Amino acid sequence: AGVKLPVFSYYETGAATDNASLGLAGGGKKIAAVREKYTALLQNLIKLASLQTSFVTLDEAMKVTNRRVNALENVTIPKIEGVLDYIARELDELERE
């Protein structure tokens, strides 16, 4: 039993990044810094998406479990109690005979 939670992950595509030939007068450094920030942002976004998907999945599982509990409390258990009462009455009646 249990709920399977999806987990998203980040992976490198292996694309070569040649930062040495980017721009003149320090432009390459800025591009590299932006690339690092973008990578960090992307990793945080992946974590957030994973958490959101987990929350939605858990919410659905909780709703299903709630429906089952309600069905047990309001339908199944009262039926079983009714059957037990009927059996007890019949046994009492048999004892009197």
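Residues numbered from 1 in each chain as written. Predicted model: local features only at pLDDT ≥ 70, side-chain atom pairs only at ≥ 80, totals over all residues. Heavy atoms only, no water.

1. A closer look at the overall build of the protein
1) Next: When you go through the protein residue by residue, the secondary structure sums to 1 helix and 0 strands.
2) Next: Total accessible area on the protein is roughly 8700 Å²; 61% of this is exposed by carbon and sulfur atoms. (Helix = DSSP H or I, 4+ residues; strand = E, 2+ residues; numbered from the N terminus. Areas by Shrake-Rupley, 256 points an atom, 1.4 Å probe, with all protein chains shown as cover.)

2. What about the pattern of salt bridges?
1) Next: The full count for this structure, using the stated rule, is 2 salt bridges.
2) Next: A salt bridge links Lys63 to Asp59, with the nearest nitrogen and oxygen atoms 3.6 Å apart. In this pair, Lys63 and Asp59 are both assigned in helix 1 (residues 27–96), 4 residues apart and thus about one turn of the helix distant.
3) Next: The exposure class assigned to Lys63 is partly exposed, which follows from its relative accessible area of 39%.
4) Next: The shortest N-O distance in the salt bridge between Glu60 and Lys63 comes to 4.0 Å. Of this pair, Glu60 and Lys63 both sit in helix 1, 3 residues apart, roughly one helical turn. (Salt bridge = Lys/Arg side-chain N within 4 Å of Asp/Glu carboxyl O. Buried < 20%, exposed > 50% of the residue type's maximum accessible area, 1.4 Å probe, protein only.)

3. Some thoughts on a nonpolar patch on the surface
1) Next: Residues Ile80, Val83, Leu84, Tyr86, Ile87, Leu91 and Leu94 make up a contiguous nonpolar surface patch of roughly 680 Å² in combined accessible area.
2) Next: In this structure, Val83 sits in helix 1.
3) Next: Residue Val83 is classed as partly exposed on the basis of its relative accessible area, which comes to 46%. (Patch = residues over 30% accessible without salt bridge, like charges linked within 9 Å, V, L, I, M, F, W, Y side chains within 5 Å.)

4. Some details on the side chain of Ser50
1) Next: Following the sequence through the fold, Ser50 ends up in helix 1.
2) Next: Not counting the four nearest positions on each side in its chain, Ser50 is found in contact with Pro6, Val7 and Phe8. (Contact = heavy atoms within 4.5 Å.)

5. A short note on the side chain of Ser54
1) Next: With respect to the helices, strands and loops of the structure, Ser54 is situated in helix 1.
2) Next: A distance of 2.9 Å separates a polar atom in the side chain of Ser54 from the backbone oxygen of Ser50.
3) Next: Beyond its immediate sequence surroundings of up to four residues, Ser54 is in contact with Leu5 and Pro6. (Polar contact = N/O pair within 3.5 Å; in protein donor to acceptor, adjacent residues only side chain to side chain.)

6. Re helix 1
1) Next: Taking 1.5 Å of rise per residue, 70 residues should cover 104 Å, and helix 1 covers 101 Å from first to last C-alpha, within 8% of that figure.
2) Next: Of all bends in helix 1, the biggest is about 40°, found at Leu72.
3) Next: Every buried residue of helix 1 is accounted for by Gly28, Ala32, Ile46, Ser50 and Ser54. (Expected span 1.5 Å × (residues − 1). Bend = angle between axes of the 7 residues up to and from the residue.)

The values are spatial; any link to function lies outside them.
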